[in-house]
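What follows is the residue order along each chain.
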There are 4 protein chains.
Amino acid sequence: MTHTIAIIGASGYTGAELIRLIATHPDMRIAALAANSKAGQPLGAVFPHLRHLDLPDLVTWEEIDFSGIDLCFCALPHKTSQEVIAKLPKGLKIVDLSADFRLRDPEAYRKWYGNDHAAPDLQAEAVYGLTEFYRDEITAARLVAGTGCNAATGQYILRPLIAAGVVDLDDIILDLACGVSGAGRSLKENLLHAELSEGTNAYSVGGAHRHLGEFDQEFSALAGRDVRIRFTPHLAPFNRGILATAYLKGEAEAVRYALATAYADEPFITVLPMGETPSTHHVRGSNFCHIGVVADRISGKCNVLAALDNLCKGSSGQAVQNANLMLGCDETAGLMLAPCFP
Amino acid sequence: MTHTIAIIGASGYTGAELIRLIATHPDMRIAALAANSKAGQPLGAVFPHLRHLDLPDLVTWEEIDFSGIDLCFCALPHKTSQEVIAKLPKGLKIVDLSADFRLRDPEAYRKWYGNDHAAPDLQAEAVYGLTEFYRDEITAARLVAGTGCNAATGQYILRPLIAAGVVDLDDIILDLACGVSGAGRSLKENLLHAELSEGTNAYSVGGAHRHLGEFDQEFSALAGRDVRIRFTPHLAPFNRGILATAYLKGEAEAVRYALATAYADEPFITVLPMGETPSTHHVRGSNFCHIGVVADRISGKCNVLAALDNLCKGSSGQAVQNANLMLGCDETAGLMLAPCFP
Amino acid sequence: MTHTIAIIGASGYTGAELIRLIATHPDMRIAALAANSKAGQPLGAVFPHLRHLDLPDLVTWEEIDFSGIDLCFCALPHKTSQEVIAKLPKGLKIVDLSADFRLRDPEAYRKWYGNDHAAPDLQAEAVYGLTEFYRDEITAARLVAGTGCNAATGQYILRPLIAAGVVDLDDIILDLACGVSGAGRSLKENLLHAELSEGTNAYSVGGAHRHLGEFDQEFSALAGRDVRIRFTPHLAPFNRGILATAYLKGEAEAVRYALATAYADEPFITVLPMGETPSTHHVRGSNFCHIGVVADRISGKCNVLAALDNLCKGSSGQAVQNANLMLGCDETAGLMLAPCFP
Amino acid sequence: MTHTIAIIGASGYTGAELIRLIATHPDMRIAALAANSKAGQPLGAVFPHLRHLDLPDLVTWEEIDFSGIDLCFCALPHKTSQEVIAKLPKGLKIVDLSADFRLRDPEAYRKWYGNDHAAPDLQAEAVYGLTEFYRDEITAARLVAGTGCNAATGQYILRPLIAAGVVDLDDIILDLACGVSGAGRSLKENLLHAELSEGTNAYSVGGAHRHLGEFDQEFSALAGRDVRIRFTPHLAPFNRGILATAYLKGEAEAVRYALATAYADEPFITVLPMGETPSTHHVRGSNFCHIGVVADRISGKCNVLAALDNLCKGSSGQAVQNANLMLGCDETAGLMLAPCFP
C-alpha cells in the first residue's frame, strides 16, 4: 500500500535527505513539496542532485491540499515549525524535524530557546522520536518530534547505561564532533568552506548547547532523579557524521553488556566487539549507528563511542523510521541503503 | 527471479561499490566474495561500512564453487584480471572491471599496457561495456569489459557528436578532474590525505593516459577514420566524481541537439538546458550522468561538460547495469539510488 | 628605512593576507587598518589568527589620517574601490587589489562590469600590476591596479609565448581550477562547506568570466592584433591555489625556451624541466609560481601548466611586491616565505 | 652570527617543516641534509615546495662532515633515532624530534615502546624539550628531546593547573583531535585521502596512546605523586592542527588565572579572554598556541581548550625554538610567521 506524503521545508538539507530516502521507499509517494521562499521552482533548481525524480514543483505550505495526504514531514527551522504545525489539519499525521516539540516542559523550552512556546497543546501531545526507546508511543502518535542529532547520538550511548545502572550518573562526559550539515543550509561566515575546512573548533562549550535540554529531560526521567551531563560539541570539516566519545565511570564489561542487550534486536544499531571503535566513515549516508566500548587503563573507567550520520539516522532517517511506524509500514522500509564509502 | 552473484576482488573500492549497490538490488544475491590477500576475513573487517550485510566471508577466488553462480564480477587489478578470468569456467557470465579487455587490438593493448595480452581469445570475445552504446551486444555477451571511468565520461560527451558529425574531429580537447577513488585503494604517497587534500595537479599530461587507448579505438571506429583527441586528467581533492570539460569546434545548438537526441530515452543520462553546467556534487553516489552545453563567446565554438561518479556510473554502477542486461533484469534495477548530497 | 602602511578593506581575505605578509616584512609598518563594517573592533576579533600582532584597531577609512602614510593598500570590493580611491589624497601611493583599475578602456570596463566607471581619470592613470611585465611603470607609479588572480596565472603562461610568436594566437585554450578563497569572504550558498567540498564544477563557462577582459586587453596589446582566448574556470574544493592548464598549438621546445628565457632572472617564477608539471600544493601560502611544459602526443601541440597561490602571488603577494617597487624596497622583501606543505 | 645546521631525516614532514622555518631564519644556515632512503636526490625532488631554496642535495647521515656543524636536528623515526644519535660526535648539539629521549625512565620507555633502549646513557642525558617549562635546562643542554605533539598540547593546558593545585588530579580528561600530518608521511591505508577525508574516528582509546608516557612522567613529577589522566585522541580530516579539550574539576576563574599567570610573558602562548575558545584554523602554519577556559554549567567544573599546529609548535617549531636557546639566538628567531588563514 502506497502512502501519500507531503514535505514542508523541502529546500533545506533535512528536506533533501527525506526526499533522497523516500525516492527508493517502496510504500511512500511524495505528493507535495513546500518551501515558501522557493515556491514556484522545480525541485531540481534547488537541489539539482534530485532532478531525476518525477516530483511536484515547490509550493508554499499554504497551497498544499492536505485532504489526500497520509503523513506530513515538517523540516522547518525551529520556532517557524510550531507556528506552521499549529495551522495544519488537526488529524494530520506529522513528523516534525525541528527542535520545537522535543521538550515537554514549557519552562525547559523557554529556558533553552528563549521564547514562550506558541503551541503548548501540541507540545504536550508530541511524542519524542527516538525510535528505539519510544516505539510504541510513536506507532500510536499523531505528532512525533524528531530528536536533535547530537541528542540522538548521546542517548544511544547513555540510555541503556542509565537504565541498567552501570555508570556513575554524576560524572558523565560526552565529547562530540559533528559534521557541518548539522548546521543546515544557512549563510553564516563560520560555515564557509574557507573558514571551516582544514581545522576544527568547539562551540557552545560549558553546557550551553540546546541539545542538553533533551539530555536533561530524558536522562532525568530515566534515572528518576536529576541527571546533568557535561557535553562539548566540536565542528569538524566533513559534511555528514557525528562521532560521540563518552567518558564514563563504570566497568567496561557491564557497560558493553547493557548496550548489547538493549540493541540485540535493533536493525540499525550495532554494538561492536569489545575494544573496537566506530568511525563516521562507516555510517555515512546510511541509517546505521555503530557503538564501541573500550576499558580505560584506569580500572572502573571506560569509554563508549558512537557514530552515525547526522542527516540520516540523526534526523531524516529517524523521521522516515518513525513515519514507517506511524503508517504501518515495515520499520526498515527505505532505510537499508548501505553507507557510501569512500 | 534472484540471480546468484560472485565478486572477485572484493577488497578494493570498486568491489565495495558493487556490494553497496547489490545490497539493495531486488534480483541479485551475493553468494561468494573473493579477495585473495584477505581470504578468511569477514567482509566487515575489510569494509566496516558493510558490516550490517549478511554476506559470506572472503575466500580466495580458487575456492569459489562457480557451479551455482549466474554471473561473476571481476574487480581485480589489470594484468591479474586476464590471468584469473582465463582460468574461470568457460560458460560463466563475467563483467570485468579492469582495463584488460577494453582494447580489442592486441597491438594497441601492448602499446598502452606494456605487455602482451595473456588471453587474446578472451580479448577478442569481450564486449566493450559502455551500456548506452553497446546495449544489444552486452545483452548477448558472456564477457563484458567495463570501460575506464574517464573513458566513459569522455565518450558520453563525444560519441553522439562524432556520430552526428557536428564537431571538428581534428580539434577535440578533453580536460578532466577526477576524484581520488579513481586511483583505487593503493598505498602511494601522492594518495595520502596530507599530500592530496587542499590542492590539485595534472597527471599523464600530453597524451600519456591509458584511457586514450579507449578513446582512439572507439572514436576512430565511430568516425571511420583516425581520431586522436587531446586529454589531460587532473587529480582533485575529493573522493568521488569526474568532471570533464570538452573544448569543441562546432555549433552549440547542433551539439546540444545531438546529445539530447542520443540520450532522450536513457534513464541515467540527463542533458541539461542550454547554458547550464553540471557538478560532481549532484551525481555523487549515484549512477546518473549530467551533461551541459555552453556556446563560447567565439562563434562556432562551444564547451560540453559532463559529471558522473567514477566509482558508480564510471565503474561499478556501469557493471551492475551491464549485468542487469546480461541476466535479463530490469536495466535500472538496484541503480536508482539518489545522489548523496551534501 | 621603515615605510608606513595603511590597509583599507582589512576584513576580507586579501586584507588578511596583506597583514600576514607585512607582519614579517622588514621595511613596512602598518599604521592604520580600515574596514567600515567592522570599525571599532580589534583585528583579532575579525581575524583571530592575527591576534598576536600589535596592530591598531579597525577604523573607517574616513577616519585615517593619511598625512603620515607612505602607501595605502586598498582591498575593497570592486565598484566600492573606485569610489573610495577617488576621495583619497591625490599624492598618496596606492596599490588597489580590486578589479576597478585593471581595464584601461572605459568601454571595456562598462562591458565587463556593467556600469560606467566613476573615476575615469584614475582609470587612465593606473598601471597594470603584473610585476614581471610592468616593473618600470610600477616603480614609477602612484596608483597600481592588482590583476585578477586567474588573469595573472594565465598571463604567466601566455605572455612570453605571444611575445615570442611561438603559439597559434587563434587557438588558445586556458582551463583553470581555482580554490575557494578566490571568491572572497562572501556569504553565498555555493561557498558553504557542505555545498563545495567533495566535488567540483565549472562557472562562467563560454567566455563569461570577467578576467577575460584582462586577457583581451593584454594579449591584444602584446600581439598588436585582437586576441581572444577560450577560458573556463572551475571551482575546486581547496582554499588556496590556482592551477591553469593551457592547450596550445606550438612546439613544446620553443614554448619552453620562451618561458625559460622570459623568467630566467625572476625570483618568484620557476620554469620546471621539460615534462614536469606543477601542483598547487607546492606553492600554497607563498609568492612562487611554478610553470611546466609538456609536448602532446600530437606533433605541434603542447600543454603549459602553471600553479600559484591565488591569495598570495595572485593577489596580496603581488600587491606587496608592487609596493616594494613603489617604495624602493628590495622587491622580494617580506615575500620569501616558503610554501606551507603539507 | 650565523649557525651551521644539519638535518637528519629531511624527507619526512617534520624535516620539511624544519627547512621551511629555517628558510627565513636570520641566524641559521643549512649545511647538510640527510635522508638515507633518498640520498643523492635534490631536496626539490622530494619536496617540490622547497625547490626555490639553495640547499645541498640529500646525503646519507654517515656522509655528513659534522666538524663544521653547530647543531643537528634529528627527525628520524623512533628507534632509528637512538641508534643514529649514539653514533654522532659526542660534542655535537642535537635536537631530536623522535620519541626516543622523551622518557627518562628505562622501564617506562620499555613499557610504552616495547623494546630496551639502545642508548640509555643518552636517555639519561637528554633534556625534555617543552620550552616554556625547561628553558634553563634546554639552554644548557647538548641533547634535547622534542616532545610528542599531543603531549605538548596537553601539557600546555595542564602543567600550570597541576602546579597551582587548582584541579582535581584524580579526574583529568583530555580529549583531542589531531590532523593527519601527525602520523607522518607513512604509507598506511587509513591515511589515504579516500579513507580519511570526510569523517573522523578515535584511536588508541582507553589509555593506549604512547604520549601518555610523557603525561605520566611529567605530571607525576610536577605533582609529587602519581597522576594518571584519561586521554583519547581522534584522527581528523585536516593536515595540520591539534585541538585539545580538557574536562576538569576546578573553578574556571582559578584555572584561567593559573594559565594567564604562567604564560604572561610567553611570546607564543595566548590565554584567551574567559569564555572564548580556540580554533586550529587560527594557528595553522605558525608557532602559536591559543588556550581558552570556559566554566561549565555545573559548578566547580570547567573546560580548557588548546589549539596549536602539530607540525610547527608541536614539533619542528618547538625544535627551532629549543635550538635558538641552545645556540644563543633570540628565542623567537625564525618563528614569528603569522598563521596561514584561510
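Residues numbered from 1 in each chain as written. Chains lettered and ligands numbered in written order. Predicted model: local features only at pLDDT ≥ 70, side-chain atom pairs only at ≥ 80, totals over all residues. Heavy atoms only, no water.

## Brief notes about the interface of chain C and chain B
The following threshold applies: Here, residues are in contact when the closest pair of their heavy atoms is within 4.5 Å. Accessible surface is computed with a 1.4 Å probe, and the buried area is the amount of it that two parts give up when combined, taken over both parts together. A pairing counts as a salt bridge when a side-chain nitrogen of Lys or Arg comes within 4 Å of a carboxyl oxygen of Asp or Glu. To qualify as a helix, a DSSP run of H or I must reach at least 4 residues; to qualify as a strand, a run of E must reach at least 2; elements of each kind are numbered from the N terminus.
Contacts between the two partners involve 52 residues from chain C and, on the opposite side, 52 residues from chain B. Taking both partners together, chain C and chain B bury about 4,100 Å²; carbon and sulfur atoms supply 50% of that area. The tally of links from chain C across to chain B stands at 6 salt bridges. With a closest N to O distance of 2.6 Å, Lys249(C) and Asp171(B) form a salt bridge. Of all the secondary-structure elements, those providing two or more residues to the side of chain C that touches chain B are strand S8 (173–178), helix H8 (193–196), strand S9 (201–202), helix H9 (211–223), strand S10 (230–235), strand S11 (242–249), strand S13 (289–295) and strand S14 (301–308) of chain C.

## Some words on the relation of the copies chain C and chain B
Defined as follows: The copies were overlaid by least squares, fitting only the C-alpha atoms of residues that reach a pLDDT of 70 or more in each copy.
The two copies are related by a screw motion: chain C maps onto chain B through a turn of 180° and a shift of 0.0 Å along the axis, at an RMSD of 0.0 Å. Seen this way, the second copy is the image of the first under a two-fold rotation axis. Distance from the rotation axis, computed per C-alpha, reaches its smallest value in chain C at Pro237(C): 3.3 Å. Interface residue correspondence from chain C to chain B reaches 100%, placing this contact among same-surface, isologous pairings.

## A look at the environment of Leu191(D)
Spelled out, the test is: Whether a residue is buried, partly exposed or exposed follows from its accessible area with a 1.4 Å probe, protein chains only, as a fraction of its type maximum: under 20%, in between, or over 50%, in that order.
Structurally, Leu191(D) is set in the loop between strand S8 (173–178) and helix H8 (193–196). We classify Leu191(D) as buried; its relative accessible area is 4%. For the pair Leu191(D) and Gly44(D), spaced 147 residues apart in sequence, the C-alpha separation works out to 23 Å. What Leu191(D) contacts, discounting residues up to four positions off in sequence, is Leu192(B), His193(B), Val180(D), Ala183(D), Gly184(D), Ser186(D), Leu196(D) and Leu235(D).

## Here we look at the sheet that holds strand S7 (residues 143–145) of chain B
Within a beta sheet, neighbouring strands are joined by backbone hydrogen bonds and run either parallel or antiparallel to one another. All names here are of chain B. Applicable threshold: One requirement defines pairing of two strands: DSSP has to find at least two bridges between them.
Read across the sheet, 7 strands follow the order S3-S2-S1-S4-S5-S7-S6 without closing on themselves; strand pairing throughout is parallel. Every interior strand has two partners, whereas the edge strands, strand S3 (58–59) and strand S6 (127–128), have only one. Bridge count for S6 against S7 is 2 bridges, and the pairing is parallel. Within S7, the residue paired with Tyr-128 across the bridge is Ala-145.

## Re the relation of the copies chain D and chain A
Taken as rigid bodies, chain D and chain A are interconverted by a rotation of 180° and an axial shift of 0.0 Å, the fit giving an RMSD of 0.0 Å. A share of 100% of the interface residues of chain D reappears at the interface of chain A, consistent with the copies meeting face to face through the same patch.

## Some remarks on the pattern of salt bridges
Considering all chains together, one arrives at 92 salt bridges over all chains under this definition. Between Glu195(A) and Arg185(C) there is a salt bridge, with its nearest N and O atoms 2.8 Å apart. In this pair, Glu195(A) sits in helix H8 (residues 193–196) while Arg185(C) sits in the loop between S8 and H8, so the two residues belong to two different chains. Between Lys313(B) and Glu132(B) there is a salt bridge, with the nearest N and O atoms lying 2.7 Å from each other.

## Considerations on the sheet that holds strand S9 (residues 201–202) of chain B
All names here are of chain B. Taken together, 7 strands build an open sheet; the order of strands is S9-S10-S8-S11-S14-S13-S12 and the sheet is mixed. Lying at the two open borders of the sheet, with one neighbouring strand each, are S9 and strand S12 (269–271). Looking at chain direction, strand S8 (residues 173–178) and strand S11 (residues 242–249) are connected through 6 bridges and run antiparallel. Bridge pairing in S11 links Ile-173 to Tyr-247.

## What about the domain arrangement of chain A?
Residues and elements named next belong to chain A. We apply this condition: The domain limits used here are those given by an automatic or database domain assignment. Polar contact is the term for a pair of N or O atoms within 3.5 Å; when the atoms are in protein, one must be able to donate a hydrogen and the other to accept it, and sequence-neighboring residues count only if both atoms are side-chain atoms. Polar here means any residue other than Ala, Val, Leu, Ile, Met, Phe, Trp, Tyr, Cys and Pro, which are nonpolar, and Asp, Glu, Lys and Arg, which are charged; Gly is therefore polar.
Examined at the domain level, chain A breaks down into domain 1 (3–147 + 313–327) and domain 2 (149–310). Each of domain 1 and domain 2 has a C-alpha centre, and these two points are 24 Å apart. With 26 residues of domain 1 at the interface, the matching set in domain 2 holds 33 residues. Summed over both partners, the interface of domain 1 with domain 2 comes to about 2,500 Å²; 48% of that surface belongs to carbon and sulfur atoms. Among the residues domain 1 hides against domain 2, the three largest losses belong to Tyr-13, Trp-112 and Lys-313. Together they make up 30% of the total. One can count 4 salt bridges joining domain 1 with domain 2. Residue Arg-240 pairs with Glu-17 through a salt bridge whose shortest N-O separation is 2.6 Å. Remark: the boundary between domain 1 and domain 2 carries 21 residue pairs in polar contact (both at pLDDT 80 or more). Among the elements of the structure, helix H1 (13–22), helix H4 (106–113) and helix H11 (312–327) are those that each provide at least two residues to the side of domain 1 that touches domain 2. Residues belonging to the side of domain 1 that touches domain 2 are distributed by class as follows: 10 nonpolar, 8 polar and 8 charged.

## Quick notes on the UniProt feature "active site" (unreviewed entry) in chain A
All names here are of chain A. To keep it simple, the criterion reads: UniProt positions are given in the numbering used here, feature names are shortened, and annotations may be inferred rather than shown by experiment.
With numbering matched to this structure, UniProt assigns "active site" (unreviewed entry) to Cys-149. Under the relative-accessibility criterion, Cys-149 is labelled buried at 12%. Among all residues touching Cys-149, those that are not within four sequence positions of it are His-211, Ile-242, Asn-310 and Gly-314.

## A look at the nonpolar core
Put simply, the rule is: Side-chain atoms within 4.5 Å link the members of a nonpolar core, which is a set of buried Ala, Val, Leu, Ile, Met, Phe, Trp, Tyr and Cys residues.
Among the nonpolar cores identified, the biggest contains 390 residues, and Phe73(A), Leu161(A), Phe73(B), Phe73(C), Phe73(D) and Leu161(D) are the most heavily contacted of them. Look past the residues within four positions of Phe73(C) in its chain and what remains in contact with it is Ile5(C), Ala6(C), Ile7(C), Ile8(C), Leu18(C), Ile22(C), Met28(C), Val95(C), Leu97(C), Ala319(C), Val320(C) and Ala323(C).

## Focus: unusual backbone geometry
Note on backbone geometry: most residues besides glycine have negative phi, and most peptide bonds are trans. Cis peptide bonds are those with omega within 30 degrees of zero, and the linkage from Phe341(A) to Pro342(A) qualifies with -5°. By secondary structure assignment, the location of Pro342(A) is in the segment after H11.

## A short note on the environment of Ala152(B)
Residues and elements named next belong to chain B. Tracing the backbone shows Ala-152 in helix H7 (residues 149–164). Along the backbone, Ala-152 and Glu-214 are 62 residues apart, and their C-alpha atoms lie at a distance of 9.1 Å. Non-local contacts of Ala-152, meaning those with residues more than four positions away in its chain, are made with Leu-130, Thr-147 and Gln-318.

## Overview of the interface of chain D and chain A
Counting residues at the interface gives 52 residues for chain D and 52 residues for chain A. Roughly 4,200 Å² of surface becomes buried between chain D and chain A when both sides are summed, with 50% attributable to carbon and sulfur atoms. Summed over the three residues of chain D that lose the most area to chain A, namely Glu198(D), Arg230(D) and Arg297(D), the buried surface amounts to 20% of that side. Linking chain D with chain A are 6 salt bridges, by the criterion used here. Where Asp171(D) meets Lys301(A), a salt bridge forms, and the shortest distance between an N and an O atom there is 3.9 Å. Residue assignment for the side of chain D that touches chain A shows that the elements contributing at least two residues are S8, H8, strand S9 (201–202), helix H9 (211–223), strand S10 (230–235), strand S11 (242–249), strand S13 (289–295) and strand S14 (301–308) of chain D. Examining the composition of the side of chain D that touches chain A, we find that 5 residues originate from one element, S11(D), more than from any other. Split by residue class, the side of chain D that touches chain A holds 23 nonpolar, 15 polar and 14 charged.

## Looking at the state of the cysteines
Defined as follows: In what follows, a disulfide is any cysteine sulfur pair within 2.5 Å.
Throughout the structure, instances matching the rule amount to 0 disulfides over all chains. Summary of cysteine pairing: Cys340(B) is not part of a disulfide, and the nearest cysteine sulfur, belonging to Cys340(A), is at 5.3 Å. No disulfide involves Cys72(C); its sulfur sits 5.8 Å from the nearest other cysteine sulfur, which is in Cys74(C).

## Things to note about helix H4 (residues 106–113) of chain D
All names here are of chain D. Our working rule: The directions considered for the arc run from the helix axis to the C-beta atoms.
Taken together, the buried positions of H4 are occupied by Tyr-109, Trp-112 and Tyr-113. Here the buried residues of H4 occupy an arc of 80° about the axis, which is enough to place them on one side. Where H4 is buried, its residues touch helix H3 (80–85), helix H5 (120–125) and H9. The backbone nitrogen of Glu-107 lies 3.1 Å from a side-chain oxygen of the residue at the head of H4, namely Asp-105.

## A closer look at the UniProt feature "domain: Semialdehyde dehydrogenase NAD-binding" (unreviewed entry) in chain A
Listed under "domain: Semialdehyde dehydrogenase NAD-binding" (unreviewed entry) in the UniProt record, and renumbered for this structure, are residues 4–141 of chain A. End C-alpha to end C-alpha, residues 4–141 of chain A measures 18 Å, and it is 30% helix and 17% strand.

## Some points on H1(A)
With 10 of 10 residues buried, H1(A) is to be regarded as a mostly interior element. Among all positions of H1(A), only Tyr13(A), Thr14(A), Gly15(A), Ala16(A), Glu17(A), Leu18(A), Ile19(A), Arg20(A), Leu21(A) and Ile22(A) are buried. Each element contacted by the buried residues of H1(A) is listed here: strand S1 (3–8), strand S2 (28–34), helix H2 (43–46), strand S4 (71–74) and H11 of chain A together with H8 of chain C.

## Comments concerning the pairing of strand S5 (residues 93–96) of chain D
Residue and element names in this part refer to chain D. The test is simple: Handedness rule for crossovers: strands pointing away from the viewer, path from the first strand over the helix to the second running clockwise, crossover right-handed.
Note that strand S4 (residues 71–74) and S5 share 4 bridges and pair parallel. By the bridge assignment, Phe-73 is partnered in S5 with Val-95. The handedness of the S4 to S5 crossover, carried by H3, is right-handed. One ladder, built from 3 bridges, connects S5 with strand S7 (residues 143–145); its direction is parallel. Across the sheet, the residue bridging to Asp-96 is Ala-145, located in S7.

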